[in-house]
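# Structural overview for review
Given next are the chains, with one letter for each unit.
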Amino acid sequence: MKLLAQLSLLGALMLLPVKGVQAETPKDPIYVKTSNGWNAAYAHGNEYAEFRVIGNGAKLQDAYHILLQKGVGMMVSFVDKKELQNDRDLLSAHAQWEINYWHQHASRVESNIREDLIGTRKDLKVTEIRVYNDEGAQMSSYLIGLAAKDGVFAFSVSPAKKDVDPLVKELVSSFKLVPRNLDAEETKRLSSEAKAQR
């Protein structure tokens, strides 16, 4: 029971927003219901990440947390490149930044780059992270980064398991960076596209 409580606490810590990570407050992600899930857009500056949450079982918990299916959750965030201290390879810097954080808060951390989930794309990176406490219990997640001009749109899907791989692969295939402001006109366009999918 103590082990379960520790894992729950570790999982909750992973979902807490990191103070000071954002140079400017991005707009909350927006979601538009479709016949098979949600179309989503998350703005930062004059660009936004667009992605699809597939499946009628997906439930929004709030703008930053989504229950993708029973027992599988996702967190959405943005990490400013000033936090990463590496302008040349933002995606690797972001993964290392996250791994360094967990090294400070866990007994052991393992990571594995999952190129099999992104194909040939260079604007994305998926890193599988396993975090262990002193008693050997583990928590796992997929850390997904989408490179942007001012940082990384970061998504965390947990738990990382072989039967969740297809869901992550499908989710990642929908990610794209759109080099436009997510203003009222653009939001209206996204809403119209979603209505056409119903």
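Residues numbered from 1 in each chain as written. Predicted model: local features only at pLDDT ≥ 70, side-chain atom pairs only at ≥ 80, totals over all residues. Heavy atoms only, no water.

### Description of the pattern of salt bridges
Between side chains of opposite charge, pairing is possible as soon as their charged atoms come close. Rules: By definition here, a salt bridge exists when the distance from a side-chain nitrogen of Lys or Arg to a carboxyl oxygen of Asp or Glu is within 4 Å. Each helix is a run of H or I in the DSSP string that is no shorter than four residues. Each strand is a run of E no shorter than two, and both are numbered from the N terminus. Working definition: with a 1.4 Å probe on protein chains only, accessible area under 20% of the residue-type maximum means buried, over 50% means exposed, and in between means partly exposed.
Under the definition given, this model contains 10 salt bridges. The salt bridge involving Asp165 is made with Arg114; its shortest N-O contact spans 2.6 Å. With Asp165 in helix H4 (residues 165-173) and Arg114 in the loop between strand S7 (108-113) and strand S8 (124-132), this pair connects stretches of sequence that are 51 residues apart. Classification of Asp165 as buried rests on a relative accessible area of 12%. Its relative accessible area of 9% is what places Arg114 among the buried residues. Among the ionic pairs, Arg189 bridges to Glu193, the shortest N-O distance being 2.2 Å. Remark: Glu193 and Arg189 occur in helix H5 (residues 184-196); sequence separation between them is four residues, near one turn of the helix. Note on Glu193: relative accessible area 30%, which makes it partly exposed.

### Section: the packing of aromatic side chains
We apply this condition: To pair, rings of Phe, Tyr and Trp, with the six-membered ring standing in for Trp, must have centres within 6.5 Å; the planes then decide the type, stacked if under 30 degrees apart, edge-to-face if over 60, and tilted in the middle. The criterion for a charge sitting over a ring is simple: Lys NZ or Arg CZ within 6 Å of the ring centre, and within 35 degrees of the ring normal.
All told, the structure shown has eight aromatic pairs when counted by the stated rule. Between Tyr42 and Tyr64, the aromatic rings sit 5.9 Å apart at their centres with planes inclined by 85 degrees, giving edge-to-face as the arrangement. Here the residue Tyr42 occupies a position in strand S2 (residues 37-44), and Tyr64 occupies one in the loop between strand S4 (59-62) and strand S5 (65-69), the gap between them amounting to 22 residues. Overall, Tyr42 belongs to the buried group, its relative accessible area being 0%. Tyr64 sits in the partly exposed class, given a relative accessible area of 22%. On the numbers, 5.1 Å between centres and 75 degrees between planes, the contact of Phe51 with Phe155 is edge-to-face. Taken as a pair, Phe51 in strand S3 (residues 47-54) and Phe155 in strand S10 (residues 151-158) lie far apart in primary sequence, 104 residues in all. Accessibility classification places Phe51 together with Phe155 in one group, the buried group. Aromatic ring contacts, followed pair by pair, group Tyr31, Phe51, Phe155 and Phe175 into a single cluster. Between the NZ or CZ atom of Lys33 and the centre of the ring of Trp38, over which it lies, the distance is 5.1 Å. Across from the ring centre of Tyr132, 3.8 Å away, lies the NZ or CZ of Arg108, which sits over that ring.

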